Amino acid sequence: MARRIWLPYPDLAAAEAALGPLPDGLVADLFLADGTWPDSIAEVELLVAPYMHPAPAVMERVDEMGSLKVVQLLSAGYDNFLPFLPEGVQLCNAAGVHDASTAELAVSLALASNRHLDTYARNMPSGTWGNDFATSLADRRVLIIGYGRIGEAIERRLAGFEVASVTRVARRERTGDVPVHPIGDLPTLLPEADVVFVITPLTPDTEHLIGAAELAAMPEGALLVNVSRGKVVDTDALVAATASGRIRAALDVTDPEPLPPDHPLWRTPGVLVSPHVGGQSTAFYPRMQRLVRDQLARFAAGEPLANVVA
C-alpha cells in the first residue's frame, strides 16, 4: 500500500521537476499552508512544511493527522514547531541547507556595519559625500557563539579577511585541532572579542543568552552580529547598549519579529537590520531539493532519517 506524503509545491509537475520521480511506494499531495487542505489529512505520514510559513498555519489541523510520522522542515531553526509536535512524531530540520547562505549574510552584515555601508546608502538620496574612517575585519578578534555547521561556515568565510583570531563557543567543550569553549566561558571570552557572531539555536537555555551583563562585557566599539533567533538576545538590553553608542549591532533576526515600524532599533545609530533573510538566496533551492530527495528515499526504504531534532 502506498504511503502518503505532502509536498510544498503548487502541483505535482512542479514537485517532480524539483525532486525527480517519487521513490516507489510513495504518493504525494500538495500543501502550501495557504488555507486549503488536501483531502488526505488522515492518511499523510510525512509532511514537508512550506518554507518560512508560521508553525500555527502549517500545524493548525495536526490533530486530524492520525497517520503522521514525520514533519520535515526547510529551515534550520525548529523551536517554533516544537509546541505543535504530537507525541511520537519525528521532527527533522534542514541542517546543511542554509549553511552557505546564512554564513555569507553573517559576514556581509559584519562588513557592511564595520565599513559603514548602511550609512553611505542612507546618504545617497541626498547626495551626501560623508566619507569617514571605518573598522576593518582585518586584525579583529572574532568570537563565534554556537559553533555548529553554520558557525564553521562563518569561520571558513572569514579565512580570507586576515582576522586576528577566531574563538569558538558551543554548549559543550570540545578539544582537538579546533578547540571549542563551553558556553560557561562567555564571561571571560566576551571582553576579548571585537566581533561576536551569534548562531546558537534557541532553546530554554539560550533564551536571552546575551543580556545586559554580556553586552556590557563586550569591549567598547565591538560589533554583535545575530543570525540565530531574536530571543537569544535580550532586546531591551540591546536597545540600551546600542543607544549609548558603546557597541554596535547587525541583526538578521529580532525580538519581536517582524520588528514593528516604530521600534527604536530601526533608528539607532550603529544598528543594521536585515529582515530575517539568512537562508533566502539562490543557494537554498539546490540544497533543499537534495535534502528532501534524500529524506524521501530514506522514508520509503524504512531507513533512519537525517537531521532528526525531536
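Let me begin by describing the structure that accompanies this report. Counting starts from 1 at the beginning of each chain's written sequence and moves along it residue by residue. For a predicted model such as this one, the threshold for reporting local features is a pLDDT of at least 70, and the threshold for listing and counting side-chain atom pairs is 80 or more; totals across whole chains, interfaces and linings nevertheless cover every residue. Excluded from the side-chain calculations are hydrogens and water; all other atoms, namely the structure's heavy atoms, are used.

## Observations concerning unusual backbone geometry
Item 1. That bond from Asp 255 to Pro 256 is cis: its omega, 10°, falls within 30 degrees of zero.
Item 2. Topologically, Pro 256 is positioned in the loop between strand S11 (248-251) and strand S12 (271-273).
Item 3. Despite not being glycine, Ala 33 has its phi angle at roughly 55°, a positive value.
Item 4. Judged by its relative accessible area of 13%, Ala 33 falls in the buried class.
Item 5. The residue His 208 is not glycine, and still its phi comes out positive at about 55°.
Item 6. A run of H or I in DSSP becomes a helix once it reaches four residues, and a run of E becomes a strand once it reaches two; helices and strands are each numbered from the N terminus. Note on placement: His 208 falls in the loop between strand S9 (195-198) and helix H7 (212-217).
Item 7. Note on classification: 1.4 Å probe, protein chains only; a residue is buried when its accessible area is under 20% of the maximum for its type, exposed when over 50%, partly exposed between these limits. Its relative accessible area of 36% is what places His 208 among the partly exposed residues.

## Focus: helix H8 (residues 235-243)
Item 1. By the burial criterion, the buried members of H8 are Thr 235, Ala 237, Leu 238, Val 239, Ala 241 and Thr 242.
Item 2. Here a polar contact means two N or O atoms within 3.5 Å. Within protein one must be a hydrogen donor candidate and the other an acceptor candidate, and residues neighboring in sequence count only if both atoms are side-chain atoms. Near the N-terminus of H8, the side chain that reaches the backbone nitrogen of Asp 236, with its oxygen 3.1 Å away, is that of Asp 234.
Item 3. Gly 245, located one to two residues past H8, shows a positive phi value of around 85°.

## As for the sheet that holds strand S3 (residues 44-48)
By way of backbone hydrogen bonds, the strands of a sheet pair with one another, either parallel or antiparallel.
Item 1. Pairing between strands is defined by DSSP: at least two bridges between the two strands are required. Pairing within the open sheet is parallel, and its 5 strands lie in the order S2-S1-S3-S4-S5. The open sheet terminates on both sides in strands that have one partner only, identified here as strand S2 (26-30) and strand S5 (90-92). The average undirected angle you get between the axes of adjacent strands in this sheet is 20°.
Item 2. Bridge count between strand S4 (residues 70-72) and S5: 3 bridges; the pairing is parallel. Interaxial angle, 0 to 180 degrees, is taken between N-to-C directions of lines fitted to C-alpha atoms, where a helix line uses only the stretch in contact.

## Describing the nonpolar core
Item 1. Note on terminology: a nonpolar core comprises buried Ala, Val, Leu, Ile, Met, Phe, Trp, Tyr and Cys residues joined through side-chain atoms within 4.5 Å. With 28 residues, the main nonpolar core has Leu 143, Ile 145, Val 196, Leu 215 and Leu 224 as its most contacted residues.
Item 2. Of all the elements in the fold, those that place two or more residues in this core are strand S6 (141-145), helix H6 (186-189), S9, H8 and S11.
Item 3. A per-element tally of this core places H8 first, with 4 residues.
Item 4. The criterion used for residue contact is that any of the two residues' heavy atoms lie within 4.5 Å. The contact partners of Ile 145, leaving out residues within four places of it in the chain, are Val 169, Ile 183, Leu 186, Leu 190, Val 196, Phe 197, Val 198, Ile 199, Thr 200, Leu 209 and Ile 210.
Item 5. If you look at the next biggest cluster of nonpolar residues, it comprises 27 residues, including Ala 103, Val 107, Val 166 and Val 180.

## Comments concerning the pattern of salt bridges
Item 1. Each salt bridge in this description consists of a side-chain nitrogen of Lys or Arg and a carboxyl oxygen of Asp or Glu lying within 4 Å of one another. The final tally for this structure, using the stated rule, is 11 salt bridges.
Item 2. The partner of Glu 192 in a salt bridge is Arg 141, with the nearest N and O atoms 3.1 Å apart. Here Arg 141 lies in strand S6 and Glu 192 lies in the loop between H6 and S9, a separation of 51 residues in the sequence.
Item 3. We classify Glu 192 as partly exposed; its relative accessible area is 48%.
Item 4. Counted as one network, the salt bridges with shared partners bring together Arg 3, Glu 45 and Lys 69.

## Details of the sheet that holds S12
Item 1. Spatially, S8-S7-S6-S9-S10-S11-S12 is the arrangement adopted by the 7 strands of the open sheet, whose pairing is parallel. Only two strands of the sheet have a single partner each, and these edge strands are strand S8 (181-182) and S12.
Item 2. Of the strand pairs in this sheet, S9 and strand S10 (residues 223-226) are connected by 4 bridges, and their pairing is parallel. Paired with Val 196 across the bridge in S10 is Leu 224.
Item 3. Contacting S10, S11 and S12, H8 crosses the sheet at an angle of about 130° to S11.

## Topic: the pairing of S9
Item 1. Residues of S9 alternate between two faces, with Val 195 and Phe 197 on one and Val 196 and Val 198 on the opposite face, all of them buried.
Item 2. Bridging between S6 and S9 involves 4 bridges; their strand directions are parallel. Paired with Ile 145 across the strands is Val 198, a residue of S9.
Item 3. Assignment of crossover handedness uses the view with strands pointing away from the viewer, where a clockwise path from the first strand over the helix to the second indicates a right-handed crossover. As a crossover connection, the stretch from S9 through H7 into S10 is right-handed.

## Brief notes about the packing of aromatic side chains
Item 1. Pairs were defined over the aromatic rings of Phe, Tyr and Trp, the Trp ring being its six-membered one, requiring ring centres within 6.5 Å. Orientation was assigned from the angle between planes: stacked under 30 degrees, edge-to-face over 60, tilted for the rest. Tallied over the entire structure, the rule returns 5 aromatic pairs.
Item 2. When the centroid spacing of 5.0 Å and the interplanar angle of 45° are considered together, the rings of Trp 6 and Phe 31 count as tilted. In this pair, Trp 6 sits in strand S1 (residues 3-7) while Phe 31 sits in the loop between S2 and S3, placing the two residues 25 residues apart along the sequence. Residues Trp 6 and Phe 31 agree in their burial class; the two are buried.
Item 3. Their ring planes at 35° and their centres at 4.9 Å tell us that Phe 31 and Trp 37 sit as a pair that is tilted.
Item 4. Using a relative accessible area of 17% as the deciding quantity, one classes Trp 37 as buried.
Item 5. An aromatic cluster is built from Trp 6, Phe 31 and Trp 37, whose rings are joined through pairwise contacts.
Item 6. Note on geometry: a ring has a charge over it if NZ (lysine) or CZ (arginine) is within 6 Å of the ring centre and within 35 degrees of the ring normal. The cationic tip of Arg 3 hangs over the ring face of Phe 299; the distance from NZ or CZ to the ring centre is 4.1 Å.
Item 7. In this arrangement the basic side chain of Arg 168 is found over the ring face of Tyr 147, its NZ or CZ atom lying 5.8 Å from the centre.

Any link to function would need more than the numbers given here.
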